[in-house]
Amino acid sequence: HFHLNRKGLFLQAAGEFKGQEAYIEGSYTSALLHARDALKKNSKNGEAWRLCSQAHFQLGETNEAEMTILEAIRHQPFDLDMRMDYLRIARETLPSKRYLQELEKVRDLFPESTEILWELARRYQMVENMPVTAAILYRKIIQIAPVSSAIAGQAEIELIKLKDL
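About the cut-offs
- Residues numbered from 1 in each chain as written.
- Predicted model: local features only at pLDDT ≥ 70, side-chain atom pairs only at ≥ 80, totals over all residues.
- Heavy atoms only, no water.
- Helix = DSSP H or I, 4+ residues; strand = E, 2+ residues; numbered from the N terminus.
- Buried < 20%, exposed > 50% of the residue type's maximum accessible area, 1.4 Å probe, protein only.
- Contact = heavy atoms within 4.5 Å.
- Areas by Shrake-Rupley, 256 points an atom, 1.4 Å probe, with all protein chains shown as cover.
- Expected span 1.5 Å × (residues − 1).
- Polar contact = N/O pair within 3.5 Å; in protein donor to acceptor, adjacent residues only side chain to side chain.
- Salt bridge = Lys/Arg side-chain N within 4 Å of Asp/Glu carboxyl O.

Caption draft 1: Local environment of the overall build of the chain. Looking only at helices and strands, one finds 9 helices and 0 strands in the chain. Written out in order from the N terminus, the α and β elements of the chain read α-α-α-α-α-α-α-α-α. Residues counted as buried form 42% of the 165 residues belonging to the chain. By sequence separation, contacts in the chain at least 24 residues apart represent 47% of the contacts at least 6 residues apart. Of the accessible surface of the chain, which amounts to about 9600 Å², a share of 56% is contributed by carbon and sulfur atoms.

Next comes the structure, spelled out in structure tokens:
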């Protein structure tokens, strides 16, 4: 993923930084150009693929966003943030059942991720109308999240709501 010579490594990092800076400033087309420049130097750069995806998504180009985040994942398959980006895109591009399958697949890869468990619990509660499954997932969140964390507190609130149904 990194070049051997220091100059190449520096240029790659500088290109990504400029792209991220442009993205943060809302210059999505510029961010895309910088990310593509980084990819010309190293086509296996998962972060540059991810930046392309994020820029495409902000520009309303969801198909391109999906293709490029899948390429990013191909290069960094165990990066949770990339998987979360993919799920945000997939929620808009995939049919409901297929999206649920993708969520389940990512949960299998990251079983201790409260973020994934939360997305899955919300999906079962709000879309699939499966409150028992949602409750099991909320309990799992409470079990693995730090006691004082916001997500544990929110999971407890959702459990209370489910009991009142």
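Anyway, onward from the coordinates.
Caption draft 2: Inspection of helix α3 (residues 46-58) at higher detail. Across its 13 residues, α3 extends 18 Å between first and last C-alpha, which sits within 8% of the 18 Å expected from 1.5 Å per residue. All buried positions along α3 are accounted for by Gly46, Ala48, Trp49, Arg50, Leu51, Cys52, Ser53, Ala55 and His56. The backbone nitrogen of Glu47 has a side-chain oxygen 3.1 Å away, supplied by the residue at the start of α3, namely Asn45. One or two residues past the end of α3 sits Gly60, with phi positive at roughly 80°.

Caption draft 3: Examining the pattern of salt bridges more closely. Summed over the entire model, instances satisfying the criterion amount to 15 salt bridges. Between Glu102 and Arg98 there is a salt bridge, with the nearest N and O atoms lying 2.4 Å from each other. One end of the pair is Glu102 and the other is Arg98, both in helix α6 (residues 96-109) and 4 residues apart, which spans about a single turn. With a relative accessible area of 37%, Arg98 lands in the partly exposed category. Note that Glu158 and Arg122 form a salt bridge whose closest N and O atoms lie 3.0 Å from each other. Taken as a pair, Glu158 in helix α9 (residues 150-163) and Arg122 in helix α7 (residues 114-127) lie far apart in primary sequence, 36 residues in all. A relative accessible area of 3% means that Glu158 is categorised as buried. Residue classification places Arg122 among the partly exposed positions, given a relative accessible area of 24%. Each of Glu47, Arg50, Asp85, Arg88 and Glu115 takes part in one network of salt bridges that share partners.

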